[in-house]
Amino acid sequence: MDKLVIEGGTPLSGTIRIHGAKNAALPILAASLLAEEPVAIRNVPRLLDIEVMLDILRELGCKARYDNDNRSVAVDSTMAGSSHIPEFLMRQMRSSVFLTGPLLARFGEVQLYQPGGCAIGERKIDLHLRGLAALGADIQEKGSRIVCRAPELRGTEVILDFPSVGATENIMMAAVKAKGRTVIVGAAREPEIQDLQNFLNRMGARVRGAGTDTIQIDGVESLHGGEYEIIPDRIVTGTVMVAAAATRGEVSIEGTQPAHLTSLIHVLRRAGVQIEIGNDIMKVGAYARPKAVERVVTSPYPAFPTDLQAQLMVMLALSEGVSLIKETVFEGRFKHVDELCRMGADIRVDLNNAFIRGVPELYGTSVEATDLRAGAALVIAGLAAQGRTVVEQVHHIDRGYDRIEEMFARLGGQIIRETNEREIVHQAR
Ligand code: UD1
């Protein structure tokens, strides 16, 4: 198992370019099943979750090739022949549930398995299934196996009780070839949903409204091939911004879309962090100890993202004063707290509230990444802490960050990955 070894205490500095968004690339790769010609997708990050998605596409009969040199994926789904998502792949990656909508639209049938709970919460798929049922799918659940059948999908109004990102995307993809018009009311508004809309429309679909809470899809007969470029990853951008602030450094971030990070920018500015914003560039600098932020509440976009909650907590743990974070999206998302406390943080959790009393220093020790974003938070903590931090279970972090150690080493962070006793040293500067 890989581990990251970090010598903390160096303020991050320099310039970094952000890779493509995992959460946009995954549904877009799933949607490539809808196209009747090959598609080429650029700016696809090199991540474990992407590899699993490509494996599933191959398992379903598609040709899928990742080009390492220019971070692009070519998918040819013309020969796809299976509508059965294998259970072992479904268990490896929850996002395989995104294939339900495209497979149902393409084959009129899909067999999948309950993805089950995960480290951050229960993560049900009832809203996905209810949406597909509204479009005309017959859904049979036998234990963890789910079989959906719909010889014909028909456009209708689908009302989501909660703006689930995945359910919105699945319903959009299923509706693209349905008969007539589908309207999703109460849709999630995340930028990744707009990216999916733009991809589908590039292939000939007729979708509008993504980015608002009402999305309208007019069914078309078929989708053609083409090229598309994925948006930059706003969560990776946010992770770097928080790391710059927590280490009291100064970092320029290129190739980003600042408009996707409004809520984080607002919180960081309240903490006294300086942020300069350009078109696709941001400069983040913390020239003094950040101040506590009275209350941060995670909620669906455009509110503060749950995927940046753990990282922000590290900065608040080092701030002056007492902060409160309320997590409203996932019930089990404070697993990083115990690890941060072992590094000297003073954080108390009561249900979904974390009370954070800022301390002047964190101290390096051995910690364990329990999930993707908790792992990223521990890396930030290690970069900011005095002494050596060892982060175990790095595979969680590799699900969403393309070589996190290279990214931070480029900014002057003293961080290396140890792989099976063999050390790969990244001293980029
Ligand atoms: C996506 C993101 C994830 C992010 C999350 C919230 C991807 C690949 N993942 O996950 O990084 O943390 O959005 O911004 O895009 N829920 C139900 N029933 C459902 C669906 C969801 O009860 O059918 C609940 C979930 O348990 C959770 C909440 O709704 O409590 C949010 O889930 P959702 O927005 O669906 O997140 P994901 O699409 O799984």
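Only a predicted model underlies this, so the values are computations on that prediction, with no experimental measurement involved.

Procedures and definitions
Residues numbered from 1 in each chain as written. Predicted model: local features only at pLDDT ≥ 70, side-chain atom pairs only at ≥ 80, totals over all residues. Heavy atoms only, no water. Axes fitted to C-alpha atoms, helices over the stretch in contact; angles between N-to-C directions. Helix = DSSP H or I, 4+ residues; strand = E, 2+ residues; numbered from the N terminus. Parallel < 35°, antiparallel > 145°, perpendicular 65-115°, else oblique. Left-handed = near helix turned anticlockwise from the far one by under 90°. Contact = heavy atoms within 4.5 Å. Nonpolar A, V, L, I, M, F, W, Y, C, P; charged D, E, K, R; others polar. Near = heavy atom within 4 Å. Polar contact = N/O pair within 3.5 Å; in protein donor to acceptor, adjacent residues only side chain to side chain. Areas by Shrake-Rupley, 256 points an atom, 1.4 Å probe, with all protein chains shown as cover. Domains from an automatic or database assignment.

Chemist: Any details on the packing of helix α10 (residues 309-317) against helix α12 (residues 372-384)? Residues and values, ideally.
Modeler: Interaxial distance between α10 and α12 falls to 7 Å at its minimum, and their mutual angle equals 25 degrees. On the basis of the axis angle, α10 is roughly parallel to α12. As α10 packs across α12, the resulting crossing turns out to be right-handed. Residues A310, Q311 and V314 of α10 lie in contact with α12, whose contacting residues are R373, A374, A376, A377, I380 and A381. A per-class count over the contact of α10 with α12 returns seven nonpolar, one polar and one charged.

Chemist: Describe the environment of E229, and please don't skip the residues or the numbers.
Modeler: As for its position among the elements, E229 is in strand β13 (residues 226-229). Sequence-wise, E229 and T419 are 190 residues apart; in three dimensions their C-alpha atoms are separated by 32 Å. Discounting residues that sit within four places of it in the chain, E229 has contacts with R42, N43 and D195.

Chemist: Quick rundown of the site of the ligand? Include the residues and the values.
Modeler: In the vicinity of the ligand, 19 residues are found, and the nearest of them are D126, L127, S164, D307 and V329. Within the backbone of V165, a nitrogen or oxygen atom sits 2.8 Å from an oxygen atom of the ligand. A distance of 2.6 Å is found between an oxygen atom of the ligand and a backbone nitrogen or oxygen belonging to V329. Compared with its free state, where it exposes 740 Å², the ligand has 87% of that area covered by protein. Broken down by element, the shell around the ligand gets its largest block of residues, three residues, from helix α5 (residues 126-134). Shared between two domains, the shell around the ligand takes at least three residues from each, and those domains are domain 1 (2-19 + 232-428) and domain 2 (22-229).

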